[in-house]
Amino acid sequence: MTKSSEHRVKSQSFSLAAKVKDYMLLIKFTLSFTVVFSCVICYLLAPKVVEYDWYMILLLFLAGMLITGSANAINQAVEKDTDAMMKRTSKRPVANGNMSQNEAYTFALIAGLVGVGMMWYYFNFSSALVSAFSLFLYAFIYTPLKKINSIAVLIGALPGALPCLIGWVAGNDDFALGGWVLFGMQFLWQFPHFWAIAWVAHADYTKAGFKLLPADKGPTKFTAIQTIMYSFLMIPIGMVPYFIGLTGITSLWIVLVCNLFMVFQSARLYKEMDVKAARRVMFSSYIYLPIVLLAMLADKINH
């Protein structure tokens, strides 16, 4: 191989790696993975799912990543200019010019159609319908609403929690109480989680014109009280899976301890009223979800 050929191959490899990186950023891979993780665990929690079928689990994971990635791609195409203004989002591919809005929209259309189609073909129509509704709600209602009113957080919590219901419906093919309880747990969890993020990133969000905290004046005692309130509401709903026979006593105690820990961290935020305390709530919420969901799944297996 000549030096020019070798240079061309290296250049092509670099370009491919850069494009893959851009698409990973476009779909917000880490966030999408977390969302799809919830969906898969709730699928496995469904009573009709009695054994691990890794083929079906993989299909659900891929469909979930495509649907979530589609919603995130639309979000970034719509928010191109505001993303460019914020330090935490300025390196996203549409914002920094590495990818055109048309390319992001094209990817979103294809990924969304394929993902929803997979849910319909491999699982059931109900899960595909809820998946399409969740995508629409996130991309076309929540995304533009962020600049209008802080009620966007409430609206955004719906598609943020729907993956739990989607997983349940994909596994059980019904809208039974268990699916709604799992939806409710993740729905309430999002408020302390997201308000902590909005507290930490308040300067960036304000610069971009986003209204995501419950108080117009930014991080206030009212925001901290709201965080405590929703953390506290997570306690009773976290007990319901045990009382409806979905899980056993072990996960009941684990979930209770995790919920009390969230209340404690939210109370510290109210007391200290600073970014450091908000960051504690944020990281606590990150570890809360996998611990709670995996504990419930392990308890279902042994129940």
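Here the structure is a predicted model, which is why all the values come from computation and not from measurement.

With the rule as written, the count across this model stands at zero disulfides. No disulfide involves cysteine 42; its sulfur sits 3.6 Å from the nearest other cysteine sulfur, which is in cysteine 164. The exposure class of cysteine 42 is buried, given its relative accessible area of 0%. Cysteine 258 forms no disulfide, and the closest cysteine sulfur to it belongs to cysteine 164, at a distance of 15 Å. Here cysteine 258 falls in the buried class, since its relative accessible area comes to 13%.

Each aromatic ring pair is characterised by the separation of its centres together with the angle its planes make. One pass over the structure, following the stated rule, counts 18 aromatic pairs. Ring geometry for phenylalanine 191 versus tryptophan 195: centroids 5.4 Å apart, planes at 55°, classification tilted. Here the residue phenylalanine 191 and the residue tryptophan 195 both occupy positions in helix α8 (residues 177-200), the gap between them amounting to four residues, near one helical turn. Residue classification places tryptophan 195 among the buried positions, given a relative accessible area of 6%. Seen from their ring centres, tyrosine 242 and phenylalanine 243 are 5.1 Å apart, and the 75° between their planes marks the pair as edge-to-face. Classification of phenylalanine 243 by relative accessible area gives exposed; the value is 62%. The side chain of lysine 221 reaches across the aromatic face of tyrosine 270, ending 4.1 Å from its centre.

So, on to the nonpolar core. The biggest cluster of nonpolar side chains holds 89 residues, and the ones touching the most others in it are Tyr43, Met119, Tyr205 and Tyr288. Here the element with the most residues in this core is α8; it accounts for 14 residues. When near neighbours in sequence (up to four residues on either side) are disregarded, tyrosine 205 contacts Met86, Arg88, Phe194, Ile197, Ala198, Phe210 and Leu212.

Here we take up the pattern of salt bridges. Applying the stated rule across the entire model yields four salt bridges. Measuring nitrogen to oxygen at the nearest pair gives 3.3 Å for the salt bridge that ties glutamate 103 to lysine 19. One end of the pair, glutamate 103, is in helix α5 (residues 101-123); the other, lysine 19, is in helix α1 (residues 3-26), with 84 residues separating them in the sequence. You can call lysine 19 partly exposed: its relative accessible area is 30%. Residue glutamate 272 is joined to arginine 268 by a salt bridge in which the shortest nitrogen-to-oxygen separation is 3.5 Å.

For serine 38, the position within the fold is in helix α2 (residues 29-45). Separated by 232 residues in sequence, serine 38 and tyrosine 270 place their C-alpha atoms 29 Å apart. Setting aside chain neighbours within four positions, we find serine 38 in contact with Cys164, Gln186, Leu289 and Leu293.

About the cut-offs
Residues numbered from 1 in each chain as written. Predicted model: local features only at pLDDT ≥ 70, side-chain atom pairs only at ≥ 80, totals over all residues. Heavy atoms only, no water. Disulfide = S-S within 2.5 Å. Buried < 20%, exposed > 50% of the residue type's maximum accessible area, 1.4 Å probe, protein only. Phe/Tyr/Trp six-rings, centres within 6.5 Å; stacked < 30°, edge-to-face > 60°. Helix = DSSP H or I, 4+ residues; strand = E, 2+ residues; numbered from the N terminus. Lys NZ or Arg CZ within 6 Å of the ring centre and 35° of its normal. Core = buried A, V, L, I, M, F, W, Y, C linked by side-chain atoms within 4.5 Å. Contact = heavy atoms within 4.5 Å. Salt bridge = Lys/Arg side-chain N within 4 Å of Asp/Glu carboxyl O.

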